[in-house]
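Descriptive structure summary
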Amino acid sequence: MATLLVLLSLLLEILIVKAVIIHPHDSYLDKACIEGERKALLEFKHGLKDPSGWLSSWVGDDCCQWRGVDCNNQTRNVVKVDLRNRDYLYSNGLGGEISDSLLHLKYLSYLDLSFNDFQRIRIPNFLGSFERLRYLNLSNAQFGGTIPPHLGNLSRSRYLDLNGEYSYISLTIGIYNLNWLSCLPLLKYLDLGNVNLSQATTNWMQPINMLPSLLELHLSPCVISDFPHYSDPNPFVNLTSLQVIDLSYNNFNTTLPGWLFNITTLRGLYLKGAIIQGRIPYENLQSLRTLITLDLSDNNITSEGIELVNGLSICCNNSLEELHLGFNGLSGELPNSLGNFNNLRALCLSYNSFGGPLPNSIQHLTNLESLDLSRNSLSGPIPMGIGNMLRMKRLDLSLNLMNGTIPNSIGQLRELTELNLDWNSWEGGISEIHFSNLSKLEYLSLHLSHKTKKQPFCFHVRPEWIPPFNLKYIDISNCYVSPKFLSSNCLKTQKRLECIVLKNVGMLDTILEWLWKLDLFLLDLSRNQLYGKLPNTISFSSNAVVDLSFNRLIGRLPLWFNVTWLFLGNNLFSGSIPLNIGDLSSLKVLHVSSNLLNGSIPSSMNKLEGLIALDLSNNHLSGKIPKNWNDLRILDAIDLSKNKFTGGIPSWMCSMYSLSWLKLSDNKLSGELSLSLQNCTQLYSLDLGNNRFSGEIPKWMGERMLSLRQLRLRGNMFTGDIPERLCGLSELHILDLALNNLSGTIPKCLGNLTDFTFMNLLAIEFFNDLDGNAHTVFSDHMELVVKGQDMEFGSILPIVNLIDFSGNNLWGEIPKGITNLSTLGNLNLSHNQLTGKIPQKIGAMQGLETLDLSCNRLSGLIPPSMSLITSLSHLNLSHNLLSGPIPLTNQFSTFNDPSIYEANFGLCGIPLLANCSTPNDQKHKDDHDGEEYEDGRYMTWFFISMGLGFLVGFWAICGSLALNKSWRHAYFRFIDETMDRLHVFIMVNMVRLKRKVERVGFHGWKEHGSALK
């Protein structure tokens, strides 16, 4: 609106000139233009490049008849030169040099060279010498360098548009001094968008504040970082006429200054993407009573949604027509005051944190044409009164938490062209009545969050129903349609369709011929039960995307031209890959995994120079990987896994700087790793698992492949040590070297892998397809052994942290530095020859979910700190030499399987049968040990005394006999007599016993013995 007022103001002034400009029925028709000005224009033409022949009419004597030239009706002086390239989308327009011969046009008041291509030449200084120039437009003409301050001499100028060309690299034109702007007091329109003001010596606000007639100011983007905040609460602001201010996409990084809200004439305020922070105070909003458009989207505004909407509804409820607050941090529930904006035509609150239900007052926004509430946390149903918003053209409620049934009243929105209800949890279904009056509908998207069996959402229409609309885009996914939906009139009557997405909707049908006659750029019929053969040749719209994966299609792979992304995986295609597949020159992505393809890869695939991603995995392809793919220079992802390829890795694979994913696992590849692999410096993921590669793991992997995040070499025949230089891969979060013949110790530097020490949520946003509609070039996936099972990880792979060295011949101790890996989720060192103790600080590994140290020779106690790992859900310490009690606290109380600790004969406690000592048992044991200690001490002294007594007695007797001869003779005589007496005593008793036996007799003795028995 404000822009229109500026143009009307300028038009009134130009009409004065127009009133005297030559017309066909004018009496001055017989007068030619000024000869000097004609020559000046021809000289100007001579310096220009005109590839489109735009100036072909510049011939003859009367330059007033030339295209883009207007003259004064009376004086015949040239007053207007309009060479704007109005066909800029298809033509570069004029170029070359701008001749100073234009200075001969003394009465020139209007000059427009916009949307041409002057290839970064500087704006000529002499353009500031036109004394009568009121309108100058050099926007988007690809000028470069510095804007000359000489333009400050255009003191009569009302309109100045120097908007530069935007470049993703940098702005190509700049200003070092803005003071010359203050010399343009009559200026009403100023556009310096895409002009670099970061090097300006003065604050941008100072010269702008000296333009009292200014109606519109456009400084987006200009690399401005200073948004002046004056200490004076009521600073002098001379912009008393300003109606539009656009400061979008600058780098302010501050709150909004108060003086901005003192411009009471403001009708349009655009601050999109200007890094505005914090709250917007309620009192600042009270002055915006004439505001028509407010755009604060894509900032960091954190006001409560209720506060902000309430404030706006009070001050400008009757004036505001467009409100854009998307991409901020607004929260809370939407207030009922939202319905007070009587004249609101566009409302965008997307990408915030609004919650709760939609207020019923929203039905009072009867002038609303566009409503975008997508990507919030709104809940509840759509208000029944939505059918009252009869002017609604665009309704987007996608990516919320809404539920309930979709009201029938939505079918009353006669002007609706776009309806997006994606990614909610709608109940019930949608039927013909919902579309009864939507005759203008062109875009329909109903991609549900999930597909449930208990309460399925159904798209229920009769097969013969002919809808009132003629769609261009339809997306119905994760719900139920008729199995023969492709055959229904609902689709067959849509002749304008450019995009069809019917994903996971339970269709059971063949793909009918009518579908192939449409000029489609997107066709997604994936995850259904479609069957039959596909036509071999079909011509799609340019750059088309086709996804027919996860169906039951058979036959040979088709050759479809103009298709750029082709997804045919998880079907039943068979035979060999067509030999002339290289003729599909538009092909950028080819996914044909999980089919029944056989044979070798055709050499013609080398012709697909635009190929970005190639997935031929899980087929029956064989032979060697082709060696002549040197022309595939932008290939980013290669997956040839789960085939029967032999030989080695060809050198061309790492001749491409762009290669990020290389997956060759589960083949029969062999030999040592080629030195050419070290040229894969941008490789993100390398998977060579389950092949027959041998030799040592190259040390250069840790020096050259610094972008590597996933390295899987398991199931090969690698030997030697684990290179310490792998520790230099700071971004590595998956390292799988299991099931090889590696030896030596675990590198101590393993604890320096920084990506295991910080939570890495990098690619969860990159790989997680929130919309569900977009197709990724390559879906990252990898098979890993976790919790003792083979598991395939897909979208969450970027946040899986794993180290697996199991099944090798590693020895030595587990390095203590490994406990620095606080976010490591899976650690498997089983089936090696590791010795020593489990690191005492292992409890610092708080992210650990799986720990397998089984089948080693680890000894000592289970560290008590291990019980602090509350995330641990899988543990295996079996077949070691561990001893002592098993911890009982935290996660250990859930490990009830004795096999976790089996074959550790020194362990005791639950869940093992071997009990550890209780405290009372220990006390009794201590008392018993004390008593044994006392008894032992007494026995020691007893034996010492006995030994001493023996020595004293022995030498007292034997020593006396040795020294005294008479004692010695008496002692031995006593011994001889004692022996004789003992001998006589024994013999006498033996004779007596013999006689007694003979007298009793043998039988009597036997009876006596029996009686005794």
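Structure's up top.
The rules behind each value
Residues numbered from 1 in each chain as written. Predicted model: local features only at pLDDT ≥ 70, side-chain atom pairs only at ≥ 80, totals over all residues. Heavy atoms only, no water. Helix = DSSP H or I, 4+ residues; strand = E, 2+ residues; numbered from the N terminus. Buried < 20%, exposed > 50% of the residue type's maximum accessible area, 1.4 Å probe, protein only. Contact = heavy atoms within 4.5 Å. Areas by Shrake-Rupley, 256 points an atom, 1.4 Å probe, with all protein chains shown as cover. Disulfide = S-S within 2.5 Å. Salt bridge = Lys/Arg side-chain N within 4 Å of Asp/Glu carboxyl O. Pairing = 2+ DSSP bridges. Core = buried A, V, L, I, M, F, W, Y, C linked by side-chain atoms within 4.5 Å. Polar contact = N/O pair within 3.5 Å; in protein donor to acceptor, adjacent residues only side chain to side chain.

Side note on the overall build of the chain
From N to C terminus, the chain includes 12 helices and 62 strands. Scored against the burial criterion, the 1013 residues of the chain give a buried share of 51%. In the chain, the share of contacts with a sequence separation of at least 24, taken over all contacts with a separation of at least 6, comes to 59%. Taken as a whole, the chain presents about 47100 Å² of accessible surface, with 54% of it coming from carbon and sulfur.

Observations regarding the state of the cysteines
A full pass over the atoms with the stated rule returns five disulfides. A sulfur-sulfur distance of 2.1 Å marks the disulfide that ties Cys 64 to Cys 71. Residues Cys 64 and Cys 71 are joined through a disulfide that is left-handed, its torsion about the S-S bond being -100 degrees. Across the pair, Cys 71 and Cys 64 agree in class, each one buried. Counting only the cysteines that form disulfides, in the order they appear in the chain, gives the pairing 1-2, 3-4, 5-6, 7-8, 9-10.

As for the pattern of salt bridges
Per the counting criterion, the structure on display carries 20 salt bridges. Arg 714 is the partner of Asp 736 in a salt bridge, and the nearest nitrogen-oxygen pair spans 3.1 Å. With Asp 736 in strand S50 (residues 734-736) and Arg 714 in the loop between strand S48 (710-712) and strand S49 (717-720), this residue pair connects regions lying 22 residues apart in the sequence. In the salt-bridge network here, residues are joined through shared partners; they are Asp 372, Arg 394, Asp 396 and Glu 418.

Focus: the sheet that holds strand S22 (residues 377-380)
If you walk across this open sheet you meet the five strands as S18-S20-S22-S24-S26, and the pairing is parallel. The sheet terminates laterally at strand S18 (331-333) and strand S26 (425-426), the two strands that pair on one side only. As paired strands, S22 and strand S24 (residues 401-404) are joined by two bridges and run parallel to one another. Residue pairing across strands places Ser 379 opposite Leu 401, the latter belonging to S24.

Some remarks on the nonpolar core
Across soluble globular proteins, nonpolar side chains have a tendency to be buried as a group. Core analysis: the biggest nonpolar cluster contains 253 residues, and Trp 204, Phe 459, Leu 525, Leu 548 and Tyr 901 have the highest contact counts within it. In terms of nonpolar packing, the next biggest core, distinct from the first, is built from 13 residues, Trp 565, Phe 567, Val 589 and Tyr 684 among them.

Focus on the side chain of Asn 826
Among the secondary structure elements, Asn 826 is positioned in strand S56 (residues 826-828). The class for Asn 826 is buried, based on a relative accessible area of 10%. Within the structure, Asn 826 has its side chain in polar contact with the side chain of Thr 850 (distance 3.1 Å). What Asn 826 contacts, discounting residues up to four positions off in sequence, is Val 786, Val 800, Asn 801, Leu 802, Ile 803, Leu 848 and Thr 850.

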